[in-house]
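Listed below, chain by chain, are the residues.
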Amino acid sequence: MKQSILMGITALLLAVFLPAALLSPAEAAQPEPMVVTVEQPAAAPEEAPEEAPEEVPEEAPEEAPEEKAVQEASYDEETSISLLTGNDVQSLPLSEYLTGVVLSEMPASFQLEALKAQAVAARTFTLRHVAAGKHDTADLCADSSCCQAWASLDALQDKLGDAFSQYWQKAAQAVEETDGMVLTYDGQLIDAVYFSCSGGATEDAVAVWGGDVAYLQSVESPGEEISSKFETEVTFTPAEFSRMLTAANPACDFSGSVQSWFGETVTTDGGGVGTMVIGGQMFEGTELRTLLHLNSAKFTVEADAEEIRFTVSGYGHRVGMSQYGAEAMARDGSTFEEILLHYYTGVTLTRMTATD
């Protein structure tokens, strides 16, 4: 119930948000839509949702104000939360909700340590956003473009088939073995955003959302080649490309050779496109990602008279934890703690105090 969880965590934070800029994920991009993101075969689900979708909601996190330390906050994994699904509101235990989130946001075939990292990130994200009072009628919603992806038991059974019981138990184990664990920075819950695949390095929050966040900095993310979205290509004819960008900015000049359309490119610390001049006009990399339906804002361009080819690295907004990076680290022997402390800079893994 909304009151019970708010009483348990109001003491630890009244989170606030910067204007929405990214995490409108899930895919949040980010990262692609994921009302039920477990789309892989029951035998071995493979692709993690991008924001959030491809990721979780793409809105810029901000630093929380000074508040009571999380370590002193009461907590109960069985506290009920109210969840908005479509037009209905249902109440369910936090542990059950988190298990559904883990199965909706990350392939269940991933290593247990990767699933544990996902469970901690999802719990942190949940408690911070519940305390923020984002929805009037419920604590959270099941829309990955707003909160986090979540699927009901029936939906997961339909998607996972005979593997449902095995995968549900595995996700529930990840939630149980990280019971009460959250990520904090300066004693406050962080905005634990995540996404599918970075293409080799994550991105600073400032490069995507425009505001610097101390714990969301660019880090290397090796081993992501296991994702089919590690590198993708998107091609356009010069005519369709110029038409799409002119619709977004009528001031674009697409006279001259196709190669001359492309000017200076400024890259970010994470290797993404910060800005690119096209047709004499400056576009942000995140804007081009949206306009051209690219998997991420980390890309290169090759152009000739016949074709314009975008080679894209990664899948999602690329800020926070890479899900395929987490899987690669887990396969290499890293624990969930090591995974989380790698992707979220300078944070503390905290176990909240359990209520009687």
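No experiment lies behind these values; they were computed from the predicted model shown. (Residues numbered from 1 in each chain as written. Predicted model: local features only at pLDDT ≥ 70, side-chain atom pairs only at ≥ 80, totals over all residues. Heavy atoms only, no water.)

What is the right way to read helix α4 (residues 153-160) from this model?
Since the α-helix advances by 3.6 residues per turn, residues separated by three or four positions end up pointing in the same direction. For α4, every residue scored as buried is listed here: Ala155, Leu156 and Leu160. One side of α4 carries all its buried residues, which in axial view fall inside an arc of 115°. Away from its buried face, by an angle of more than 90 degrees, α4 presents the exposed residues Asp154 and Asp158. For α4, the secondary structure elements touched by its buried residues are α2 (94-105) and α5 (164-176). Two residues or fewer after α4 comes Gly161, characterised by a positive phi angle close to 55°. (Buried < 20%, exposed > 50% of the residue type's maximum accessible area, 1.4 Å probe, protein only. Helix = DSSP H or I, 4+ residues; strand = E, 2+ residues; numbered from the N terminus. Arc of directions from axis to C-beta. Contact = heavy atoms within 4.5 Å.)

Whenever I open this one, the pattern of salt bridges confuses me. Can you help?
Side-chain pairing between opposite charges can occur once the charged atoms of the two side chains come close. Going through the model one piece at a time under the given rule, you end up with 7 salt bridges. A salt bridge links Glu177 to Lys116; the nearest nitrogen and oxygen atoms lie 2.7 Å apart. Taken together, the positions of Glu177 in the loop between α5 and β5 (181-185) and Lys116 in helix α3 (residues 112-132) put the pair 61 residues apart, joining distant regions of the chain. You can call Lys116 buried: its relative accessible area is 9%. In this structure, Glu307 and Arg309 form a salt bridge, with 2.5 Å as the shortest nitrogen-oxygen distance. Judged by its relative accessible area of 26%, Glu307 falls in the partly exposed class. Each of the salt bridges in this network shares a partner with another, and the network as a whole consists of Glu233, Glu302, Glu307 and Arg309. (Salt bridge = Lys/Arg side-chain N within 4 Å of Asp/Glu carboxyl O.)

What is the right way to read the sheet that holds strand β3 (residues 88-93) from this model?
In a beta sheet, neighbouring strands are held together by backbone hydrogen bonds and run either parallel or antiparallel to one another. Sheet architecture is open: 3 strands sit in the order β3-β2-β4, paired in mixed fashion. At either margin of the open sheet sits one strand with a lone partner, and together these are β3 and β4 (140-141). Seen against the sheet, α2 touches β2 (80-85), β3 and β4 and runs at an angle of roughly 105° to β3. (Pairing = 2+ DSSP bridges. Axes fitted to C-alpha atoms, helices over the stretch in contact; angles between N-to-C directions.)

Where do I start with the environment of Leu83 in this structure?
Following the sequence through the fold, Leu83 ends up in strand β2. Separated by 57 residues in sequence, Leu83 and Leu140 place their C-alpha atoms 5.2 Å apart. When residues no more than four places from it in sequence are discounted, the contact partners of Leu83 are Asp88, Val89, Gln90, Leu92, Tyr97, Ala138, Leu140, Cys141, Ala142 and Trp150.

How do you make sense of the packing of aromatic side chains when you look at a structure like this?
Note on aromatic pairs: each is described by the distance of the centres and the angle between the planes. Taken as a whole and assessed by the stated rule, the structure comprises 10 aromatic pairs. Measuring from centroid to centroid gives 5.6 Å for Phe241 and Phe262, while their planes differ by 35°, and the two rings are tilted. With Phe241 in helix α7 (residues 238-248) and Phe262 in strand β9 (residues 262-267), the pair connects residues that are 21 residues apart, well separated along the chain. Phe262 sits in the buried class, given a relative accessible area of 18%. Chaining the aromatic ring pairs together yields one cluster made of Phe236, Phe241, Phe254, Trp261, Phe262, Phe299 and Phe310. The cationic tip of Lys229 hangs over the ring face of Tyr315; the distance from NZ or CZ to the ring centre is 4.1 Å. (Phe/Tyr/Trp six-rings, centres within 6.5 Å; stacked < 30°, edge-to-face > 60°. Lys NZ or Arg CZ within 6 Å of the ring centre and 35° of its normal.)

Where do I start with the environment of Glu302 in this structure?
Relative to the helices and strands, Glu302 is located in strand β12 (residues 299-303). Classification of Glu302 as partly exposed rests on a relative accessible area of 48%. A sequence separation of 40 residues divides Glu302 from Phe262, and the C-alpha atoms of the two residues are 9.5 Å apart. If we skip the residues at most four places from it in the chain, Glu302 touches Glu307, Ile308, Arg309 and Thr311.

Before we go on, may I ask you to explain the environment of Tyr343 in this structure?
Of note, Tyr343 is situated in helix α10 (residues 336-343). Taking the C-alpha atoms as reference, Tyr343 lies 8.9 Å from Val319; in sequence the two are 24 residues apart. Setting aside residues up to four positions removed in sequence, Tyr343 forms contacts with Thr202, Tyr215, Val219, Glu220, Ser221, Gly320, Met321, Ser322, Gly325, Ala326 and Met329. Of note is the side chain of Tyr343, whose polar atom sits 2.6 Å from the side chain of Ser221. (Polar contact = N/O pair within 3.5 Å; in protein donor to acceptor, adjacent residues only side chain to side chain.)

Treat this as a map of the structure, not an account of what it does.
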